[in-house]
Structure formats: structure tokens, C-alpha cells
Amino acid sequence: PIIIYQDKIDLLHSMGYTSPLITHCKKTVTIYDLQFKYYPSTVPLVVRVIYSFLIPLVVFTNQVIITSSKSSRKQIKDNYPLLTKNKEIKVIYLGPGLIKLSKIKVEKQNYIFTPAASHPHKNLIKLIEAFSILKKEPEYSKTRLLISGSPGKQESKLKRIVKKDVRFLGWL
């Protein structure tokens, strides 16, 4: 907060669930999901306790909340109805941006790409199952599925069910 004041910041966008509670400027925060509430086993207890206390304060003190899906917006509204009653909650969908294929050493062909750590709430098992169904269609027979992200709790399970046209790229 001191640097925000010293640098005369007009608008602060905090991109990771939390933000300073007291500032002189307008604030917006990105809350991607409420994983700590809906998938508590994937979040350490200390983080769940901190977020249970901090997220409502962050929702209250920020003028705008950004989230990555309509489902997350609904969860935020459902969990904090009084705090979000007159609050603007914008959905801005995430995308991978541009990735140079030469950087990750893959051939030029058709790909489906997802940036997702291998945690249960990312639902990669269903993605791999759906990809297997898609591969049966002639126009998708040469398509590959690329998954980037840090190893998570489901990594070993995913690697056991993975097919030949699925590649784990690791953290990019």
C-alpha cells in the first residue's frame, strides 16, 4: 500500500484472489474460482482458513471483480450475496495467447491446447475422455492434445490413462 501511494497509482488490478484492503485508489481483483470452498481437499488447510477470512474482505473492498467464467461469477454471487449485491463482476475468459511451437518442440499439425495443472478440479480426465471420442472422427484423427501446467495431485493417474496423441508439456 505504501508504494501504491508513493507512485500515485490511480487504479490497482490485483490478479491473484487477494489485494490490499486499504488503499487510496480504486481497485479491481481477479478471483478465478472458489476452489477453496468447492474442492477443499485440493487446498491446504491454512490457505482455506486464510481465504475464508480474506476473500469476503477483498470482495467488499474492491470496486470491480473479474472472474474467468459465468460459473465462477455465480459462485461468487451465491457465496457472498450481501457483498456482491451492487458489485460489478465481469467475466473475462482466459486464453493461451500466442505460443511459439518451436519453443516447445512440437511438429506443425492440428492441436488442442489447454494450460492446466493436473488437479482434480481442472477435470483433465474428462478432457482426455472427450478427446478420445473426438479422435474417432476422421477429420480429427491426426489431432493431438497438448496439456501444459505444473504437476498436480492427479498427474500419475492422468499418465496412466493417457493415449498416444496426448502430450504433457510441463510448466511453460
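The structure under discussion appears in the preceding block.
Bear in mind that the values here come from a model prediction, so they are computed numbers and not experimental data.

Cut-offs used in this document
- Residues numbered from 1 in each chain as written.
- Predicted model: local features only at pLDDT ≥ 70, side-chain atom pairs only at ≥ 80, totals over all residues.
- Heavy atoms only, no water.
- Helix = DSSP H or I, 4+ residues; strand = E, 2+ residues; numbered from the N terminus.
- Rg over C-alpha atoms; globule rule 2.2 N^0.38 Å.
- Lys, Arg positive; Asp, Glu negative; His and termini not counted.
- Charge placed at Lys NZ, Arg CZ, Asp CG, Glu CD.
- Pairing = 2+ DSSP bridges.
- Axes fitted to C-alpha atoms, helices over the stretch in contact; angles between N-to-C directions.
- Contact = heavy atoms within 4.5 Å.
- 1 Å grid on protein atoms, 1.4 Å probe; cavity = no way out; pocket = protein on both sides within 12 Å on 5 of 7 lines; lining within 4 Å.
- Points joined across faces, edges and corners; volume = space filled by probe spheres on them.
- Nonpolar A, V, L, I, M, F, W, Y, C, P; charged D, E, K, R; others polar.
- Polar contact = N/O pair within 3.5 Å; in protein donor to acceptor, adjacent residues only side chain to side chain.

**Section: the overall build of the protein**
The number of helices and strands found in the protein is eight helices and seven strands. Taken against the 2.2 N^0.38 rule, which gives 16 Å for 172 residues, the C-alpha radius of gyration of the protein at 20 Å runs more than 25% over that of a compact globule. Taking the principal axes of its C-alpha atoms as reference, the protein extends roughly 55 × 35 × 30 Å. Charged side chains of the protein number 29 positive and 11 negative; the gap between the two group centres comes to 3 Å.

**As for the sheet that holds strand 3 (residues 64–67)**
Taken in spatial order, the four strands make up an open sheet running 1-2-3-4, and their pairing is parallel. Each edge of the sheet is formed by a strand with only one pairing partner; in this case those strands are strand 1 (11–14) and strand 4 (88–91). Between one strand axis and the next, the sheet turns by 20° as a mean value, whatever way the strands run. Contacts between helix 4 (residues 70–79) and the sheet are confined to strand 3 and strand 4, with strand 4 contributing the most and set at about 160° to the helix.

**A short note on the layout of surface pockets**
Of the volumes computed, that of the largest pocket is approximately 950 Å³. Of all the elements in the fold, those that place two or more residues in the lining of the largest pocket are helix 2 (35–38), helix 4 and strand 5 (111–115). It is helix 4 that provides the largest number of residues to the lining of the largest pocket, a total of three residues. A class-by-class count of the residues in the lining of the largest pocket yields 14 nonpolar, 14 polar and two charged.

**Quick notes on the side chain of K135**
Tracing the chain through its elements places K135 in the loop between helix 7 (124–134) and strand 6 (144–148). Engagement of the side chain of K135 in a polar contact is seen with the backbone oxygen of S141, the distance being 2.5 Å. Leave out the neighbours within four places in its chain, and K135 touches Y140, S141, K142, T143 and D165.

**Digging into the environment of V162**
With respect to the element layout, V162 can be found in the loop between helix 8 (155–161) and strand 7 (166–170). Distance from V162 to K122, taken between C-alpha atoms, is 16 Å for residues 40 residues apart in sequence.

**Description of the sheet that holds strand 5**
Strand order in the open sheet made by the three strands is 5-6-7, with parallel pairing throughout. The two strands at the open ends of the sheet, each matched to only one other strand, are strand 5 and strand 7. Recorded for the sheet is a direction-independent mean angle of 20° between the axes of neighbouring strands. One ladder, built from five bridges, connects strand 5 with strand 6; its direction is parallel. The residue bridging I112 from the neighbouring strand is L145, located in strand 6. Strands strand 5, strand 6 and strand 7 of the sheet are contacted by helix 7, whose axis makes an angle of about 165° with strand 6.

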